[in-house]
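Below are the chains, spelled out letter by letter.
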Amino acid sequence: MQTGKKFRKNTGNKSLRVLKEIGMLCMCIMLAGCGGEKEAKKTEEIKATETVKGQEQTEPVIFEENGETFESTEEYVYTTSKLNVRASCSTDAEIVKMLPERAKVLRIAVGDTWSKVSIDEGEYYVATEYLTAEEPELTGHLIAINAGHQEKANEEEEPIGPGATETKAKNSIGTRGVSSGVYEYQLTLQVAQQLEEELTARGYEVLMIRESNDFDMSNQDRAKMAAESGAEVLIHLHANGSKVKETNGAMTICCTEGSPYISNLYADSYRLSKDILTHFVKETGAQSKGVWETDIMSGINWSSIPVTTLEMGFMSNAEEDTRMQTEEYQQKMVAGIADGLDAYFE
């Protein structure tokens, strides 16, 4: 009897333990299942969030403006030639500025005909066909040449330098030859075009700021165009004038060492001015009137690369004016400028 009771008691205890263990196992399975569901749900939510974020960052937006269909983007592109920047996507729209060849610009939307670009915190339009995603490679030093003045004066005022209160006309036609009747803007373009050919033959890359007389761009914008192109130096070509008819000779102009605008460029600009003047007078035989250091020239003050202005001679001097119109003397002027650049980069 006693043995039977003990057996039943032990059997009952064992059954109870088994039931407790089964209960605990079920609870663990349930908890594990709940945790797994929560973890799986959390993982799905993360994936979904990442997908949404990815779509926000990469999925383009399609929209239309003035009959042109655009697709949003965000990429840097380069100009393959000089390029008008317009206020809207139309060839009749206002030209806001001109970009030089090789300029780097942020494109924010692209269409078949027009691209929308961000420049100076504004949004403008340029022709798509003149943009490329490939960064241009230079085979030699890039030189910016500005043929001074233009056919029609622009008498609107602009500051003579960044932050300046003093202003002057954006551009003028310049002086005129007393014997030849040729305008300064005509002479400077003739020499600039020949200089482009000579420098190209010597292995330089050249940006021509002005390629025609029918052109309107302020001195400030010309300096900015040179910098935007990636040019290493900027050369302004000019001819001089004086009330004293006997005055003759060539000079170069650069900023002062204490310039309030570009004092950081003084050393290189002075050396550029000195080298060009030295070789110019050596080649042409013109009288050297030295390097004039001044801070009143807007084309110099607005530059952000080493810069010089070459006054090739006095059109108010009959003899020098006549000489500067000849092909032979122009070739000497061009050779002298090119030799000066060679010396500067050596």
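Computed from a prediction, not measured in an experiment: that's the story for all the values here. (Residues numbered from 1 in each chain as written. Predicted model: local features only at pLDDT ≥ 70, side-chain atom pairs only at ≥ 80, totals over all residues. Heavy atoms only, no water.)

1. Examining helix α2 (residues 184-201)
Between its first and last C-alpha atoms α2 spans 26 Å; for 18 residues at 1.5 Å apiece the expected length is 26 Å, and the two agree. For α2, the full list of buried residues reads Glu184, Tyr185, Leu187, Thr188, Leu189, Val191, Ala192, Leu195 and Leu199. Of the residues one or two after α2, Gly203 is the one with positive phi, at around 95°. (Helix = DSSP H or I, 4+ residues; strand = E, 2+ residues; numbered from the N terminus. Expected span 1.5 Å × (residues − 1). Buried < 20%, exposed > 50% of the residue type's maximum accessible area, 1.4 Å probe, protein only.)

2. Description of the environment of Thr167
Tracing the backbone shows Thr167 in strand β11 (residues 167-171). Exposure remark for Thr167: the relative accessible area of 38% places this residue in the partly exposed category. C-alpha of Thr167 to C-alpha of Ile296: the two residues are 129 residues apart in sequence and 9.7 Å apart in space. The residues contacting Thr167, other than those within four sequence positions of it, are Glu157, Glu158, Pro159 and Ile160. Among the polar contacts made by the side chain of Thr167, one reaches the side chain of Glu157 at a distance of 2.8 Å. (Contact = heavy atoms within 4.5 Å. Polar contact = N/O pair within 3.5 Å; in protein donor to acceptor, adjacent residues only side chain to side chain.)

3. A short note on the pattern of salt bridges
Counted by the stated rule, this structure contains 14 salt bridges. Of the charged contacts, one joins Glu198 and Arg202 as a salt bridge, the two residues approaching to 2.7 Å between their closest N and O atoms. Assessed through its relative accessible area of 31%, Arg202 is described here as partly exposed. With a closest N to O distance of 4.0 Å, Glu328 and Lys332 form a salt bridge. Placement of both Glu328 and Lys332 in helix α7 (residues 327-345) is noted, with a separation of four residues, approximately one turn of the helix. Note on Lys332: relative accessible area 31%, which makes it partly exposed. (Salt bridge = Lys/Arg side-chain N within 4 Å of Asp/Glu carboxyl O.)

4. Some thoughts on the packing of helix α4 (residues 266-284) against α7
Packed helices, taken two at a time, are described by their axes: the angle between them and the distance between them. Direction vectors running N to C along α4 and α7 enclose 140°, while the axes themselves pass 7 Å from each other. Considering the angle they form, α4 stands oblique to α7. Where α4 crosses over α7, the handedness of that crossing is right-handed. Between α4, through Asp268, Arg271, Leu272, Asp275, Ile276, His279, Phe280, Glu283 and Thr284, and α7, the contact on the second element is made entirely by Tyr329, Lys332, Met333, Ala335, Gly336, Ile337, Asp339, Gly340, Leu341, Ala343 and Tyr344. In the contact of α4 with α7, the residues fall into 10 nonpolar, four polar and six charged. (Axes fitted to C-alpha atoms, helices over the stretch in contact; angles between N-to-C directions. Parallel < 35°, antiparallel > 145°, perpendicular 65-115°, else oblique. Left-handed = near helix turned anticlockwise from the far one by under 90°. Nonpolar A, V, L, I, M, F, W, Y, C, P; charged D, E, K, R; others polar.)

5. Brief notes about the confidence of the model for the chain
Summing up the model confidence of the chain, the mean pLDDT is 88 and the portion of residues at 70 or higher is 83%. Within the model, the stretch residues 1-12 combines pLDDT values under 50 with zero contacts to residues more than four positions away or in other chains. (pLDDT = per-residue confidence, 0-100.)

6. Observations concerning the packing of aromatic side chains
Tallied over the entire structure, the rule returns six aromatic pairs. By the ring-pair criterion, three or more aromatic residues cluster together here, those being Phe63, Phe70 and Tyr125. If you follow Lys104 out to its NZ or CZ, it ends over the ring of Tyr76, 4.7 Å from the centre. If you follow Arg323 out to its NZ or CZ, it ends over the ring of Tyr329, 5.6 Å from the centre. (Phe/Tyr/Trp six-rings, centres within 6.5 Å; stacked < 30°, edge-to-face > 60°. Lys NZ or Arg CZ within 6 Å of the ring centre and 35° of its normal.)

7. Some words on the pairing of strand β13 (residues 233-240)
Taken across its eight residues, β13 has eight buried, putting it largely inside the fold. Side chains Val233, Ile235, Leu237 and Ala239 project from β13 onto one buried face, and the interleaved Leu234, His236, His238 and Asn240 project onto a second face that is buried too. As defined by bridge partners, strand β9 (residues 142-147) adjoins β13 across five bridges and the pair is classed as parallel. Across the sheet, residue Ile143 finds its bridge partner in β13, namely Val233. Here six bridges tie β13 to strand β16 (residues 307-314), and the two strands are oriented parallel to one another. Looking at β16, one finds that Leu234 is bridged to Val307. (Pairing = 2+ DSSP bridges.)

8. Points about the nonpolar core
In terms of nonpolar packing, the biggest core is built from 35 residues, with Ile145, Leu199 and Leu237 touching the most fellow members. Listed by contribution, the elements that provide at least two residues to this core are β9, α2, β12 (205-208), β13, α4, β16 and α7. It is α7 that contributes the most residues to this core, seven residues altogether. Each residue touching Leu237, except ones within four places of it in the same chain, is listed here: Ile145, Asn146, Ala147, Gly148, Thr188, Val191, Ala192, Leu195, Leu310 and Ile337. (Core = buried A, V, L, I, M, F, W, Y, C linked by side-chain atoms within 4.5 Å.)

9. Structural notes on the sheet that holds β16
Judged by pairing direction, the sheet is mixed, and its six strands sit side by side in the order β12-β9-β13-β16-β14-β15 without closing on themselves. Each end of this open sheet is capped by a strand with a single partner; those strands are β12 and β15 (288-293). Here the strands of the sheet are splayed against their neighbours by 20° on average, with no regard to which way each runs. Running over the sheet, α4 touches β13, β14 (250-254), β15 and β16 and is turned about 170° from β14. Packing against the sheet, α7 makes contact with β9, β13 and β16, and its axis sits at approximately 150° to β13.

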